[in-house]
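If you want the building blocks of each chain, they are given just below.
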Amino acid sequence: MDLEYGARYEAFRTQVRDFVAEHRPTRPLRLADGKRQERIAWLSLQIEHGYWARTIPREYGGYGAEPDLLETVIMDEEFNKAGVSRGMNAQGPSMLVPTLLSHGSEEQRRRWIGPTLRGEVLWCQGYSEPGAGSDLASLQTRATEDGDDFVINGQKIWTTTADRAEMCFILVRTEPDAGKHAGISYILLPMDTSGIEVQPLRTMSGGIGESSFNQVFFTDVRVPKANVVGKRGEGWKVANTTLAHERNSLNANAEGKLMRLARLMERETLGGVPAMASPIYRDRLMKLQARVLSMKHHGMRMLTCSLKGESLGVAGLVVKLQNCQLNFDMAALAIDAMGELGVLYDHTKYERERGYWQAHSMLSLGLIIGGGTAQIQKNIIAERGLGLPREPKPKQA
Amino acid sequence: MDFALSEDQLLLEETLRSFLADRVPIERVRELREKACPNDRALWSALAELGITGILVPEAQGGSGLALLDAALVSQALGHAVTPTPFLASAVMVPTALAAAGGGASESWLAGIAGGELVFGVAVTELFSVREGAGVSLEAGALHGKAMMAIDACGADLLLVAVDEDTLCVVKTDSTGLEMTRLTTVDATRCTAEVLFDGATPEAVFEGVGSGIARMLDAGRIALAADILGACEAMVEQAVAYAKQRKQFDRVIGSFQAVKHMCSEMIAEVEPGRSLLWYAAHSFDALPEEAPLMACHVLAHTSEIAREIASVSTQVHGGIGWTDEQNLHFWFKRIGNARHLLGGPEALRQRAAELQGFAATA
Ligand SMILES: Cc1cc2nc3c(=O)[nH]c(=O)nc-3n(C[C@H](O)[C@H](O)[C@H](O)COP(=O)(O)OP(=O)(O)OC[C@H]3O[C@@H](n4cnc5c(N)ncnc54)[C@H](O)[C@@H]3O)c2cc1C
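Conventions and cut-offs
Residues numbered from 1 in each chain as written. Chains lettered and ligands numbered in written order. Predicted model: local features only at pLDDT ≥ 70, side-chain atom pairs only at ≥ 80, totals over all residues. Heavy atoms only, no water. Helix = DSSP H or I, 4+ residues; strand = E, 2+ residues; numbered from the N terminus. Rg over C-alpha atoms; globule rule 2.2 N^0.38 Å. Buried < 20%, exposed > 50% of the residue type's maximum accessible area, 1.4 Å probe, protein only. Contact = heavy atoms within 4.5 Å. Areas by Shrake-Rupley, 256 points an atom, 1.4 Å probe, with all protein chains shown as cover. Lys, Arg positive; Asp, Glu negative; His and termini not counted. Charge placed at Lys NZ, Arg CZ, Asp CG, Glu CD. Axes fitted to C-alpha atoms, helices over the stretch in contact; angles between N-to-C directions. Parallel < 35°, antiparallel > 145°, perpendicular 65-115°, else oblique. Left-handed = near helix turned anticlockwise from the far one by under 90°. Nonpolar A, V, L, I, M, F, W, Y, C, P; charged D, E, K, R; others polar. Buried area = accessible area lost by both parts, 1.4 Å probe. Salt bridge = Lys/Arg side-chain N within 4 Å of Asp/Glu carboxyl O. Patch = residues over 30% accessible without salt bridge, like charges linked within 9 Å, V, L, I, M, F, W, Y side chains within 5 Å. Near = heavy atom within 4 Å. Polar contact = N/O pair within 3.5 Å; in protein donor to acceptor, adjacent residues only side chain to side chain. Phe/Tyr/Trp six-rings, centres within 6.5 Å; stacked < 30°, edge-to-face > 60°. Lys NZ or Arg CZ within 6 Å of the ring centre and 35° of its normal. Domains from an automatic or database assignment.

Enquirer: Please clarify how the overall build of chain B should be interpreted in this entry.
Expert: Counting its secondary structure elements, chain B contains eleven helices and ten strands. For a compact globule of 362 residues, the expected C-alpha radius of gyration is about 21 Å, and chain B comes in at 20 Å, within 12% of that figure. When the backbone C-alpha atoms are referred to their principal axes, chain B occupies close to 75 × 45 × 40 Å. Across the 362 residues of chain B, 60% fall into the buried class. Across chain B, the fraction of contacts at a sequence separation of at least 24, relative to all contacts at a separation of at least 6, is 74%. By element, 51% of the accessible surface of chain B is carried by carbon and sulfur atoms, the whole surface being about 13400 Å². Across chain B, the 26 positively charged side chains and the 47 negatively charged ones have centroids separated by 10 Å.

Enquirer: It is not clear to me how the overall build of chain A should be interpreted in this structure. Could you clarify?
Expert: Secondary structure assignment for chain A yields twelve helices and ten strands. Relative to a compact globule of 397 residues, whose C-alpha radius of gyration would be 21 Å, chain A shows 22 Å and is just as compact. Projected onto its principal axes, the C-alpha positions of chain A cover 70 × 55 × 50 Å. Within the span of chain A, comprising 397 residues, buried residues form 47% of the whole. Sequence separation of at least 24 residues holds for 69% of the intrachain contacts in chain A that already meet a minimum separation of 6. Surface exposure of chain A reaches about 19100 Å², of which carbon and sulfur atoms provide 52%. Counting 49 positive and 47 negative side-chain charges, chain A places the centres of these two groups 3 Å from one another.

Enquirer: Help me understand the packing of helix α8 (residues 257-286) of chain B against helix α9 (residues 291-317) of chain B in this model?
Expert: Each pair of packed helices can be described by the angle between their axes along with the distance between the axes. All names here are of chain B. At their nearest, the axes of α8 and α9 sit 9 Å apart, and the two run at 160° to each other. Here α8 is positioned roughly antiparallel relative to α9, judged by the angle of their axes. Every pair of crossing elements has a handedness; the one defined by α8 and α9 is left-handed. Contact residues: Val259, Met262, Met266, Glu269, Val270, Leu276, Leu277, Tyr279, Ala280, Ser283 and Phe284 in α8; Ala291, Met294, His297, Val298, His301, Ile305, Ile309, Val312, Ser313 and Val316 in α9. For the contact of α8 with α9, the class distribution of residues is 16 nonpolar, four polar and one charged.

Enquirer: I would appreciate a short explanation of the interface of chain A and chain B in the present structure.
Expert: In many reports, interface size means the accessible area that the parts give up when they come together. With 48 residues of chain A at the interface, the matching set in chain B holds 43 residues. Buried surface at the junction of chain A and chain B, both sides included, amounts to about 4000 Å², of which 65% is carbon and sulfur. Where chain A touches chain B, the interface holds six salt bridges. Its salt-bridge partner being Lys260 of chain B, residue Glu383 of chain A comes within 2.5 Å of it at the nearest N-O pair.

Enquirer: What is the right way to read a negative patch on the surface from this model?
Expert: Residue and element names in this part refer to chain B. A cluster of acidic side chains, namely Asp164, Glu165, Asp166 and Glu207, defines a negative patch on the protein surface. For Asp166, the position within the fold is in the loop between β4 (158-164) and β5 (167-172). For Asp166, a relative accessible area of 40% puts it in the partly exposed group.

Enquirer: Looking at this structure, I do not really get the site of the ligand. What am I missing?
Expert: Taken together, 18 residues are adjacent to the ligand, and Gln125, Ser128, Ser134, Thr160 and Thr373 of chain A come closest. Residues within reach of the ligand are spread across chains A and B. Between an oxygen atom of the ligand and a main-chain N or O atom of Tyr127 of chain A, the distance comes to 3.0 Å. Within the side chain of Asn379 of chain A, a nitrogen or oxygen atom sits 3.1 Å from a nitrogen atom of the ligand. Residue assignment for the shell around the ligand shows that the elements contributing at least two residues are α11 (356-369) and α12 (374-385) of chain A. With three residues, the top contributor of residues to the shell around the ligand is α12 of chain A.

Enquirer: Got a minute to help me understand the pattern of salt bridges in this structure?
Expert: When the charged atoms of two side chains with opposite charge come close together, those side chains can pair. In the structure shown here, the tally under the stated rule is 51 salt bridges over all chains. The salt bridge involving Arg13 of chain A is made with Glu10 of chain A; its shortest N-O contact spans 3.0 Å. Linking Arg13 of chain A with Glu10 of chain A, this pair stays in helix α1 (residues 7-23), spanning three residues, or about one helical turn. Accessibility expressed as a relative area gives 9% for Arg13 of chain A, which makes it buried. With a closest N to O distance of 2.9 Å, Asp157 of chain B and Arg41 of chain B form a salt bridge. Linking Asp157 of chain B in the loop between β3 (142-151) and β4 with Arg41 of chain B in helix α3 (residues 41-49), this pair joins segments that are 116 residues apart in sequence. A residue is classified by how much of its surface remains accessible, and Asp157 of chain B, at 27% relative accessible area, is partly exposed. Put simply, Glu10, Arg13, Arg17, Glu77, Glu78 and Lys81 of chain A are held in one network by salt bridges that share partners.

Enquirer: How do you make sense of the packing of aromatic side chains when you look at a structure like this?
Expert: Aromatic ring pairs are described here by two measures, namely the spacing of the ring centres and the angle between the planes. Under the defined criterion, the tally for this structure stands at 13 aromatic pairs over all chains. Among the aromatic residues, those joined into a ring-pair cluster are Trp112, Trp123, Tyr127, Phe169 and Tyr186 of chain A. Sitting above the plane of the Tyr63 of chain A ring, Arg58 of chain A keeps its charged end 5.5 Å from the centroid. We note Arg221 of chain B situated over the ring of Phe128 of chain B; from NZ or CZ to the ring centre the distance is 5.6 Å.

Enquirer: Teacher, can you tell me more about unusual backbone geometry here?
Expert: Glycine aside, a negative phi is what most residues show, and trans is what most peptide bonds show. Residues and elements named next belong to chain B. The backbone of Ala140 sits at a positive phi, close to 50°, despite the residue not being glycine. For Ala140, the position within the fold is in the loop between β2 (135-139) and β3. The phi dihedral of Met149 falls on the positive side, at around 50°, and the residue is not glycine.

Enquirer: Whenever I open this one, the domain arrangement of chain A confuses me. Can you help?
Expert: Residues and elements named next belong to chain A. One can read the domain layout of chain A as domain 1 (7-88), domain 2 (123-233) and domain 3 (250-385). Domain 2 and domain 3 are separated by 32 Å when their C-alpha centres are compared. At the junction of the two partners, domain 2 supplies four residues and domain 3 supplies seven residues. Counting each side, the surface lost to burial between domain 2 and domain 3 is near 530 Å², with a carbon and sulfur contribution of 74%. In this assembly, domain 2 and domain 3 are joined by zero salt bridges. If you look at where domain 2 meets domain 3, you find one residue pair in polar contact (both at pLDDT 80 or more). Residues belonging to the side of domain 2 that touches domain 3 are distributed by class as follows: two nonpolar, two polar and no charged.

Okay, here's the thing in structure tokens:
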């Protein structure tokens, strides 16, 4: 056991820290605030210095360094410490880019990876449908062949940022006669194609934060066959790389959040005494701290496995389940520690931290559901991790 | 960066686990529970030959001079096999305290522990919890008073007694003026005793050893957490194995989602718990300034997850889980007893808060 990163990495850490200190934006560059150009400039600068898209090949618009997990960890740690987000936490960079790298054509990679990483093209993920959520492979949106095109008809739902996205990576059924998993294709679709209608859905958090929720209707939407990623009918396999990336990208800075919660409990008074002075609230905080420390060191253990190229096994399968619930529970304590004022929201008088904890509570609940629900995670842990038998198929009526 | 067990540690774990499966299978544990003290001297000698009893004893005194992480792996294996041994007191807490206390007598006791001839118990409960008017005092060189829930004391040769937060004594268990009564608990695999002192003369008195006492408690807490985690692993393994084999409604119960989710929830606690344990044990030697906080958190946290796992793994077994015959109760009781042995979760979390300045020190 050796927790030192070594001199070379510590030098790298200093570089990252200096870069962040020198170039950090003075305010968050939220898309919703119309900060598009500043955002693109900031992402491009990060790529130029190798702090974003570090291991993406140069010909696709990345920095072109050899993959090095420890460098990634150090960059995340330093950006986190400074309270600055590294790169862009969106479905394009985290899901589409890795998918194109493993399944995309040369032409698709050259065209899309660079602009996606620089924030010039925003993507949405068109997977879920009203009738296909956890059971994603039962999706019904159809794409029928017509010359060099596919013509798409159907509906997607829960599509994050579809109202703002220029592009969508979508799963559609191209081979209606093939089996459930075999008939699906993964297609890149411009959102300004005629026949696409986006209807925003108001979320429980009232749209605070970056994301927005939508349903998307497709009526005779034409898309060239050349936009299929991987082989036609192999979309399920292609999408599964993406799903794996989605689960890995849920890496919250839990320790930072716990300390923020501790500061809040020292400030907030309940019945004239700080929440932190109450043994009841304090005990809850300490319980959470033990869980935060567990997950932090669990992350180090998983990182070590990845560095050695070892399988994470069942220990890796529990991460999403635990981290999402932990985030929700931290927000719950923060809300309780504010007493009756914990419900203030929408920038009202007396509101604390601009409604951060309520928004965080709702967002973390969303993440317990999104990207594979907690129950689906438990099925996976039991079946793949512990070798328990799969659910028997119901007998056909 | 390498947050993983070393080859040597994996080998130690494997060797000990197969030794225990062979020498102390559950049938043997059932026999040992009938004895006045379940700690078997023959087993202790065999463990000494493997270098286990002297795992923390310096090489100069014939030990292996290894780190607390190594001792924690041993402890975990012992919990996994519900083995009765005085490992916690004799091989973890006492060597840590004696190493800090120093002196010729300490060195010869350490050599005795490493050689397997000596067994120590510890009477330290009053450092963190005083019940039933307990408390030990040293008056004119003689011990008076009462110690409760002394760990591994019944079959021991010597007892390490905490007189106060700065003072330790070592006293022979057969001294005149010392009376020991085993206090039967639910857990037949770990013995605890009441010790009455009425003028017993200690072999040695160590004064001004406050930091050594604190280190001894940290080491004990981390090792006890490891024992608990090992017991948790065993309970999950038994539940999963049973779920794969027992049939109801024409299917194995492990294909019922309710049962699957019970198993998933258990393993989802065990695996991060293992990561926390490694770090806590590692911090004891490598990052000593972090160890007091980590010791509190790791013991409190494993105690909490263990209670749930003990309940859920029993439920997976249904009625048979509630019988003596099924054996699962040995683990249920082991973790139940451990929960308050070196401070309960609430007290440990209070201490964790104090250590970070979140609460006024009592
Ligand atoms: C914040 C957020 C963002 C999202 N963003 C996107 C996006 O950008 N693009 C996109 O395509 N989708 C997105 N989704 C959709 C998300 O992937 C689905 O909501 C999710 O997969 C669950 O599907 P569902 O909503 O249909 O629920 P269902 O599948 O209907 O689930 C309902 C309940 O039944 C349980 N259940 C279902 N099947 C099983 C089973 N086999 N065993 C046990 N329990 C089961 C579930 O756990 C859940 O409790 C997002 C969702 C959220 C919450």
